[in-house]
Amino acid sequence: MQITSLSSGSSGNCYLVQSGPTNILIDSGLSASQTERYLAERGVPIASLDAIFLTHDHSDHIKSAGTISRKWGVPVVANEATLKIARPKWDKMARMEAVRAAQLGEVAVEPAAKFNLETLPVGGVKSMGSLEVSSVPVSHDAADTVCYVFRAEGQQAMILTDLGCATEAIFEPLCQSDLIILEANHDPERLQRNTYYPQSLKNRILGDRGHLSNQQSAGILTRVIEQSGLAHTVWLAHLSEDNNDPKNACKIITTCLENRQILKFPLKVALRDKPSLSWHGETALFQTQMF
């Protein structure tokens, strides 16, 4: 199994998960053209995708999923509540594309064309070739937010972002995962000092249905390591551009771990706006990051 971060942040979230001939995306928050280019650079034609799995209905996770499904027939898999909210957004995008194409004298993709949608209930499991994908509920302010766990070739990985607090459901799969992609969205002190954010937005981010702080991420990681040991590769993900940075996130979380006698635990950061990290089963390959 191989997992690659194509982007991880409020400007767009997208991960490529591969096992044998199976290629899926987790979220599709980039533009369709960006997604197509990043996949092509990795030898994956966008039309060959087996599915796009959506975690929730916020735009930085669903932006191009409808377009990719409509143009290339790629199945979009999500729970019923997520699809119910996402579908009108994709319909609107299709109408706007048709209008722009007509203004340019181009032939537009029929805006009424059907999307290829498939419902996966919260807590459900779907198998695609050798890859098994499980849905796990999390606490976030969307219709019905989930994260996903992947199993293939005797390995397990979990992408856990966009949640405001830890719930019991996340810990068992985290403890069993070889790769953990864990949100470290913000530094609470930096967020509170941010004069550009209204207090209502700060309260949303800090709430139990918002996003994880560095300290909350450290608490989750500490519990996982204390229960299951050190044999995990950990990426920090979905860092805020305004209220965090890679150095700060790694420093705070490392300090929290050291306070519990978890020493020299390696952490890497998935970059916000471009492809960065790739994990190949037991061997983690990391691109150079400039902090």
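Overview of the structure. Everything numeric here is computed off the predicted structure, so don't read it as measured data.

What counts, and where the lines are drawn
Residues numbered from 1 in each chain as written. Predicted model: local features only at pLDDT ≥ 70, side-chain atom pairs only at ≥ 80, totals over all residues. Heavy atoms only, no water. Axes fitted to C-alpha atoms, helices over the stretch in contact; angles between N-to-C directions. Helix = DSSP H or I, 4+ residues; strand = E, 2+ residues; numbered from the N terminus. Left-handed = near helix turned anticlockwise from the far one by under 90°. Contact = heavy atoms within 4.5 Å. Nonpolar A, V, L, I, M, F, W, Y, C, P; charged D, E, K, R; others polar. Buried < 20%, exposed > 50% of the residue type's maximum accessible area, 1.4 Å probe, protein only. Pairing = 2+ DSSP bridges. Polar contact = N/O pair within 3.5 Å; in protein donor to acceptor, adjacent residues only side chain to side chain. Core = buried A, V, L, I, M, F, W, Y, C linked by side-chain atoms within 4.5 Å. Salt bridge = Lys/Arg side-chain N within 4 Å of Asp/Glu carboxyl O. Parallel < 35°, antiparallel > 145°, perpendicular 65-115°, else oblique.

Between helix α3 (residues 65–72) and helix α4 (residues 80–103), the shortest axis-to-axis distance is 9 Å and the interhelical angle comes to 65 degrees. Considering how the two elements wind past one another, α3 and α4 form a crossing that is right-handed. Of α4, the residues touching α3 (which contributes Ala65, Gly66, Thr67, Arg70 and Lys71) are Trp90, Met93, Ala94 and Glu97. When its residues are assigned to classes, the contact of α3 with α4 shows four nonpolar, two polar and three charged.

Looking now at the pairing of strand β11 (residues 179–183). Counting buried positions along β11 yields five of five residues, so the element is predominantly enclosed. Residues Leu179, Ile181 and Glu183 point to one face of β11 and Ile180 and Leu182 to the other, with burial holding for every one of them. Of the pairings in the sheet, the one linking strand β10 (residues 155–160) to β11 comprises four bridges and is parallel in character. Across the sheet, residue Leu160 finds its bridge partner in β11, namely Leu182.

Looking now at the side chain of Thr55. With respect to the helices, strands and loops of the structure, Thr55 is situated in the loop between β4 (51–53) and α2 (59–62). Only 2.8 Å separates the side chain of Thr55 from the side chain of His56, close enough to count as a polar contact. Discounting chain neighbours no more than four positions away, the residues touching Thr55 are Ile26, Asp27, His61, Thr82, Asp144, Thr145, Val146 and Tyr148.

Time to look at the nonpolar core. In terms of nonpolar packing, the biggest core is built from 31 residues, with Leu160, Ile170, Leu221 and Leu236 touching the most fellow members. Breaking this core down by element, the ones donating at least two residues are β9 (146–152), β10, α5 (171–175), β11, α8 (214–228), β12 (233–237) and α9 (246–258). Excluding residues that lie within four positions of it along the chain, Leu236 makes contacts with Leu182, Ala184, Ala249, Cys250, Ile253, Leu267, Lys268, Val269 and Ala270. Counting 26 residues, the second largest nonpolar core, distinct from the first, contains Tyr15, Ala51, Leu131 and Phe150.

For the rest of this paragraph, the subject is the pattern of salt bridges. Tallied over the entire structure, the rule returns ten salt bridges. Among the salt bridges present, the one from Glu132 reaches Arg151, with a minimum N-O distance of 2.9 Å. Separated by 19 residues along the polypeptide, Glu132 in strand β8 (residues 131–137) and Arg151 in strand β9 bring together distant segments of the chain. When its relative accessible area of 28% is taken as the criterion, Glu132 is described as partly exposed. Judged by its relative accessible area of 28%, Arg151 falls in the partly exposed class. Through salt bridges with shared partners, a single network forms among Arg37, Glu41 and Arg42.

For the pair α8 and α9, interaxial distance at closest approach is 9 Å and the crossing angle is 45 degrees. Viewed along their axes, α8 and α9 adopt a mutual orientation that is oblique. Crossing geometry of α8 relative to α9 is assigned as right-handed. Only Asn248, Ala249, Ile252, Ile253, Cys256 and Leu257 of α9 make contact with α8, whose side of the interface consists of Asn214, Gln215, Ser217, Ala218, Leu221, Thr222 and Ile225. When the residues that make up the contact of α8 with α9 are grouped by side-chain class, the tally is eight nonpolar, five polar and no charged.

With that settled, consider the environment of Leu117. Mapped onto the secondary structure, Leu117 falls in strand β6 (residues 117–119). Judged by relative accessible area, which is 29%, Leu117 ranks as partly exposed. It is 9.9 Å that separates the C-alpha atoms of Leu117 and Arg70, two residues lying 47 residues apart in sequence. When sequence neighbours within four positions are dropped, the list of residues in contact with Leu117 reads Val76, Leu83, Arg87 and Trp90.

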